[in-house]
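Tertiary structure, described
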Amino acid sequence: MSLHSWFIALGQSSLGHAMQTSKWDFALVEMVHLLALALLGGSVLVVDLRLLGIIFKGESARLIGRDLSRVLIGSLIVMILTGIALLSEEAGKCYYSPAFRWKMALLAAAVLFYFTVHRSALLRTDHGRPTPWARTTALISLTLWLGVGIAGRAIGLL
Amino acid sequence: MTLLQHLCQLLYDSGFGTMIRESDYAYSIIESVHVITITLVVGTIAVLDLRMLGLVLRPISITRIARAVFPLTWSGFVIIFVSGFLLFWAEAAKMYTSPAFRTKLILLALVGLNPLIFHSTVYRRVHQWETLHVSPWRARVAAIASLTLWGGIIVAGRAIAYF
């Protein structure tokens, strides 16, 4: 099955049908998506500002990364599930949307980066001052996550 | 027509309000800034609330977390208030009658009241409990109230698009 036919199948599923016919279902899922965004964005921001050496200097970057990763993962799961529901409303159209494609590419890059390079920078920094390498990692992380948000907003506009 | 409604209509009809409303990009860009700044305002407050509930960053004291996140929260608040006011300006006449917008304003007033009560009560003795892994029950109530109210503000804000 091609990727496109998965999108079509999602659009024609009972989930897609519910999202297309009930305005309230869509609104409700959108609200939950936004609530999770607040938590995800907050944890990314605090972790990356620690890695930049702007806040929580001297506190363990390892501890902050570990604790807030739980918040990040929890809200990421909620955002992905609600995101699939939102996608099902116009799956066929989203497949061809450049904004949607950008969002998915940036999301994949952000998640991959977060759990590899970014994680190792947090572990290495721990209680110390961030190296230029750790700061660069934080800036890349912030840029990728912000990019996901901007591309996400653009889906409804472009 | 009440005075307030009249003022809303004046804003709505003003050149600047009309410009934002009718521009191809202005409204969407301001709205995007408004939505993304939620992370700066609510996201950072949530970190402090979760700490008071004992769910994250337990080894770090409450005041240390408050000192780290409040500059972010406040700068976010300036951005979200200014962008929100511009969005209101463009749609003021519709906002006057929107039940979702009214709900949002009431919730905003309540969320402002919460820290006022918190700071004049249990937070005055914060140095006695700031290092406890789980804060006293009054602080936990304030944290839950804050998370609930901010969540309600996001939901009501999104609902403005619908009613």
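Residues numbered from 1 in each chain as written. Chains lettered and ligands numbered in written order. Predicted model: local features only at pLDDT ≥ 70, side-chain atom pairs only at ≥ 80, totals over all residues.

For chain B, the helix and strand inventory stands at eight helices and zero strands. Ordered by position from the N terminus, the helices and strands of chain B form the series α-α-α-α-α-α-α-α. Taken over the C-alpha atoms alone, chain B extends approximately 55 × 30 × 25 Å along its principal axes. Residue burial in chain B is summarised as follows: out of 163 residues, 34% are buried. Excluding contacts between residues fewer than 6 apart, the proportion of contacts in chain B whose partners are at least 24 apart in sequence is 79%. (Helix = DSSP H or I, 4+ residues; strand = E, 2+ residues; numbered from the N terminus. Buried ≥ 20, exposed ≤ 12 C-beta atoms within 10 Å, placed from the backbone. Contact = placed C-beta atoms within 7 Å.)

Along chain A, the regular secondary structure elements total seven helices and zero strands. Helices and strands appear in chain A in the N-to-C order α-α-α-α-α-α-α. Sorting the 158 residues of chain A into buried and exposed places 41% on the buried side. Partitioning the contacts of chain A with sequence separation of at least 6, the portion at a separation of at least 24 is 81%.

With that settled, the discussion passes to the confidence of the model for chain B. All names here are of chain B. Averaged over all residues, the pLDDT of chain B equals 94, while 100% of them reach at least 70. Taken element by element, the predicted model of chain B shows its lowest mean pLDDT in helix 7 (residues 126–129) (89) and its highest in helix 4 (residues 38–52) (96). Across the interface, the model reports ipTM at 0.91; the global pTM reads 0.93. (pLDDT = per-residue confidence, 0-100.)

A few words now on the interface of chain B and chain A. Every contact between the two is made by 26 residues of chain B and, on the other side, 25 residues of chain A. Counting residues per element, the ones that place at least two in the side of chain B that touches chain A are helix 3 (26–36), helix 4, helix 5 (62–97) and helix 8 (137–159) of chain B. Here the side of chain B that touches chain A takes nine residues from helix 4 of chain B, the largest share from any one element. Here the side of chain B that touches chain A is built from residues that sort into 19 nonpolar, six polar and one charged. (Nonpolar A, V, L, I, M, F, W, Y, C, P; charged D, E, K, R; others polar.)

To continue, consider the packing of helix 3 of chain B against helix 5 of chain B. If you want to describe how two helices pack, look at the angle between their axes and the distance between the axes. Residue and element names in this part refer to chain B. Where helix 3 contacts helix 5, the axes come no closer than 9 Å and their chain directions differ by 145°. Helix 3 and helix 5 meet at a crossing whose hand is left-handed. In this structure, helix 3 contributes Tyr27, Ile30, Glu31, Val33 and His34 to the contact, and helix 5 contributes Ile79, Ile80, Ser83, Gly84, Leu86, Leu87 and Ala90. Here the contact of helix 3 with helix 5 is composed, by residue class, of eight nonpolar, three polar and one charged. (Axes fitted to C-alpha atoms, helices over the stretch in contact; angles between N-to-C directions. Left-handed = near helix turned anticlockwise from the far one by under 90°.)

For Asp126 of chain A, which is not glycine, the phi torsion reads 40° and is therefore positive. Inspection of the secondary structure puts Asp126 of chain A in the loop between helix 6 (98–125) and helix 7 (132–155). A tally of 13 C-beta atoms within 10 Å means that Asp126 of chain A is categorised as partly exposed. Despite not being glycine, Leu57 of chain B has its phi angle at roughly 50°, a positive value. Structurally, Leu57 of chain B can be placed in the loop between helix 4 and helix 5.

Now for the nonpolar core. Residues Ala38 and Leu40 of chain A together with Val42, Ala46, Val47 and Ile154 of chain B are the most contacted members of the largest nonpolar core, which totals 64 residues. Looking at this core element by element, the count peaks at eleven residues for helix 3 (residues 23–51) of chain A. The contact partners of Leu40 of chain A, leaving out residues within four places of it in the chain, are Leu72, Ser75, Leu76 and Met79 of chain A. (Core = buried A, V, L, I, M, F, W, Y, C linked by C-beta atoms within 7 Å.)

Residues and elements named next belong to chain B. Taking 1.5 Å of rise per residue, 15 residues should cover 21 Å, and helix 4 covers 21 Å from first to last C-alpha, within 8% of that figure. With 15 of its 15 residues buried, helix 4 lies for the most part within the structure. In the stretch just after helix 4, Gly54 is the one whose phi turns positive, near 80°. (Expected span 1.5 Å × (residues − 1).)

Residues and elements named next belong to chain A. Taken together, the buried positions of helix 1 (residues 3–12) are occupied by Phe7, Leu10 and Gly11. For helix 1, the angular spread of buried residues about the axis comes to 100°, placing them on one side. In this structure, helix 1 carries Ser5 and Trp6 as exposed residues pointing more than 90 degrees from its buried face. Packed against the buried residues of helix 1 are helix 2 (14–21), helix 4 (61–89) and helix 5 (91–96). (Arc of directions from axis to C-beta.)

Residues and elements named next belong to chain A. Contact pair helix 3 / helix 4: the axes reach a minimum separation of 8 Å and the direction vectors enclose 155°. Taken together, the axis directions place helix 3 and helix 4 in an arrangement best described as roughly antiparallel. Here helix 3 and helix 4 pass one another in a crossing that is left-handed. Residues belonging to the contact of helix 3 with helix 4 are distributed by class as follows: 21 nonpolar, six polar and three charged. (Parallel < 35°, antiparallel > 145°, perpendicular 65-115°, else oblique.)

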